[in-house]
Amino acid sequence: MKIGIPKEIKNNENRVALTPAGAAELVKNRHEVFVQKNAGIGSGFSDGDYVAAGATILETIESVYNVSGMIIKVKEPIEIEYGLIKKDQIIYTYFHFASSEVLTQAMIKSNAICLAYETVELEDKSLPLLIPMSEVAGRMSVQEGAKYLEKTFGGRGVLLGGVPGVYPAKVLVIGGGIVGTEAAKMAAGLGADVTIMDVSLKRLRYLNDIMPANVKTMMSNEFNIREMVPSHDLIIGAVLIPGAKAPSLVTRDMLATMNPGTVIVDVAVDQGGCIETTHPTTHDNPTFLIENVIHYCVANMPGAVPRTSTIALTNATLPYAVKIANEGWLNACRKDNALKKGLNIVNGNVVYKGVADAFNLKYLNIDTFL
Ligand SMILES: NC(=O)c1ccc[n+]([C@@H]2O[C@H](COP(=O)([O-])OP(=O)(O)OC[C@H]3O[C@@H](n4cnc5c(N)ncnc54)[C@H](O)[C@@H]3O)[C@@H](O)[C@H]2O)c1
């Protein structure tokens, strides 16, 4: 199969959908890989790296779309790409259709095969192509939190690990899923005194088993959160209720009880945030201050570390890309139920119920195709 890797053109998107190692793997499987000039540059991969891996560099985005049976991307296509997508072309990327009717209609019109990373789902309901970005954001939340706790960034001037003779900082992680677990591990590794909260007792039992001694677990409820926030230096919001806006767990009145220079990193901001005073910010201007509490609420945290994010994402997406390329989308989806769940729009038909429901569109069961 001919596989195209366009350069990402969304503002500030430095990731790329395939590493040179991924290109080499596809070439080894007897496929041809076409990479747009400078597509990997934001992630530290040169055109020469791709050529050495067996790929061909094409000058323009048009030529990449034109030649390819499958396009692999990171972000959803934007308007100037709509017209480049052809009938029967496989587009394998993050789409997040339910948040854009314009994109949904454009992909219906294109008659392409749209495989969305975010809905590829394993039997245990986990989302293997979303997990890597949660891992990045979770680990990064502590790095960012530590930075903003420094006095020059407006923080309390507290070192996460303390030093001999001085207590370490106190870190409260609300939500013990992927983001929360990675955050707690990082904060613990730096020597902080960490508490992780969740509403699932089963999850708390698991965390209690695997975490080091400087991580304690606590049931998440309003009473406990209210009691904990005044004494904590860094608070990380890592809650998710699938398909719903995150609940406001730290309320505005709680801010007044915190020490000036306390830092909140609300990773859940992309789902509305679990801190009442959250609003989305960007890497250019990541923080704002309310009641002397620093809020860091960047909605695409992995964007700050594109090299790590690119490698983490492609580690997860590549095995599926190889299956699609080797077997064609139809056979690959017949054989792999997780991948089948990634099909959202096929030849003008919406085959993912959530997307059809979001815009009152006709839903076609994907099994009609398989
Ligand atoms: N800002 C970013 O760049 C970025 C990047 C990746 C993920 N995210 C977001 O981070 C959030 C967490 O993602 P995840 O992958 O860890 O999800 P996850 O499903 O793995 O974990 C969510 C956890 O929240 C817990 N929870 C639900 N209600 C709770 C409550 N009231 N109190 C405490 N815990 C509660 C759940 O039991 C679960 O363990 C999501 O909103 C996700 O979209 C943001």
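Refer to the preceding data block for the structure.
Residues numbered from 1 in each chain as written. Predicted model: local features only at pLDDT ≥ 70, side-chain atom pairs only at ≥ 80, totals over all residues. Heavy atoms only, no water.

Caption draft 1: Layout of the site of the ligand. The ligand sits among 25 residues. The nearest are Ser134, Asp198, Ser220, Asp270 and Met301. One nitrogen or oxygen atom from the side chain of Ser134 is found 2.7 Å from an oxygen atom belonging to the ligand. Here a nitrogen atom of the ligand sits 3.1 Å away from a polar atom, N or O, in the main chain of Val267. Protein chains shield 84% of the accessible area of the ligand, which is 860 Å² for the free molecule. Here the shell around the ligand gets three residues from one element, more than from any other, and that element is helix α6 (residues 131–148). (Near = heavy atom within 4 Å. Polar contact = N/O pair within 3.5 Å; in protein donor to acceptor, adjacent residues only side chain to side chain. Areas by Shrake-Rupley, 256 points an atom, 1.4 Å probe, with all protein chains shown as cover. Helix = DSSP H or I, 4+ residues; strand = E, 2+ residues; numbered from the N terminus.)

Caption draft 2: Expanded view of the sheet that holds strand β15 (residues 349–350). Strand order across the open sheet formed by eight strands is β3-β2-β1-β4-β5-β6-β14-β15, with mixed pairing between neighbours. With partners counted over all chains shown, the strands left at the sheet margins are β3 (56–58) and β15, one partner each. Where strand β5 (residues 90–93) lies against strand β6 (residues 113–116), four bridges are found, and the strand directions are parallel. In the sheet register, Ile90 faces β6, and the bridge partner there is Ile113. In the packing of helix α11 (residues 306–335) onto the sheet, contacts are made with β1 (2–5), β4 (70–72), β5, β6 and β14 (343–346), and the angle to β5 comes to roughly 150°. (Pairing = 2+ DSSP bridges. Contact = heavy atoms within 4.5 Å. Axes fitted to C-alpha atoms, helices over the stretch in contact; angles between N-to-C directions.)

Caption draft 3: Layout of the packing of aromatic side chains. For the structure on display, the rule yields seven aromatic pairs. Summarising the aromatic geometry, the rings of Tyr148 and Tyr296 are spaced 5.9 Å apart at their centres and angled 40° between planes, so their arrangement reads as tilted. Separated by 148 residues along the polypeptide, Tyr148 in helix α6 and Tyr296 in strand β13 (residues 293–296) bring together distant segments of the chain. In this structure Tyr148 comes out as buried when scored by relative accessible area, which is 8%. One Lys or Arg, Lys147, reaches over the ring of Phe153 and ends 5.9 Å from the middle of that ring. (Phe/Tyr/Trp six-rings, centres within 6.5 Å; stacked < 30°, edge-to-face > 60°. Buried < 20%, exposed > 50% of the residue type's maximum accessible area, 1.4 Å probe, protein only. Lys NZ or Arg CZ within 6 Å of the ring centre and 35° of its normal.)

Caption draft 4: Just the pattern of salt bridges, in detail. Summed over the entire model, instances satisfying the criterion amount to 19 salt bridges. Between Glu25 and Lys28 there is a salt bridge; the shortest N-O distance is 3.7 Å. One end of the pair, Glu25, and the other, Lys28, are both in helix α1 (residues 20–28), three residues apart, so they sit about a helical turn from each other. A salt bridge links Lys125 to Glu121; the nearest nitrogen and oxygen atoms lie 3.6 Å apart. For Glu121, a relative accessible area of 15% puts it in the buried group. (Salt bridge = Lys/Arg side-chain N within 4 Å of Asp/Glu carboxyl O.)

Caption draft 5: Quick peek at the environment of Met186. Tracing the backbone through its elements, the reader meets Met186 in helix α7 (residues 178–189). Classification of Met186 by relative accessible area gives partly exposed; the value is 28%. For the pair formed by Met186 and Glu150, sequence separation is 36 residues and the distance between their alpha carbons is 17 Å. With residues up to four places along the chain from it excluded, the contact list for Met186 reads Arg139 and Val142.

Caption draft 6: Examining helix α5 (residues 101–110) more closely. Buried within α5 are the following residues: Leu103, Thr104, Ala106, Met107, Ile108 and Ser110. Where α5 is buried, its residues touch α4 (79–82), β6, β14, β15 and α13 (353–358). A positive phi of about 65° marks Asn111, the residue just after α5.

Caption draft 7: Examining the nonpolar core more closely. Counting 45 residues, the largest nonpolar core has Ile5, Ile72, Tyr92, Ile324 and Leu343 as the members making the most contacts within it. A total of twelve residues in this core trace back to one element, the largest contributor, which is α11. Aside from chain neighbours lying at most four places away, what touches Ile324 is Met1, Met70, Ile90, Tyr92, Leu115, Trp329, Ala332 and Leu339. (Core = buried A, V, L, I, M, F, W, Y, C linked by side-chain atoms within 4.5 Å.)

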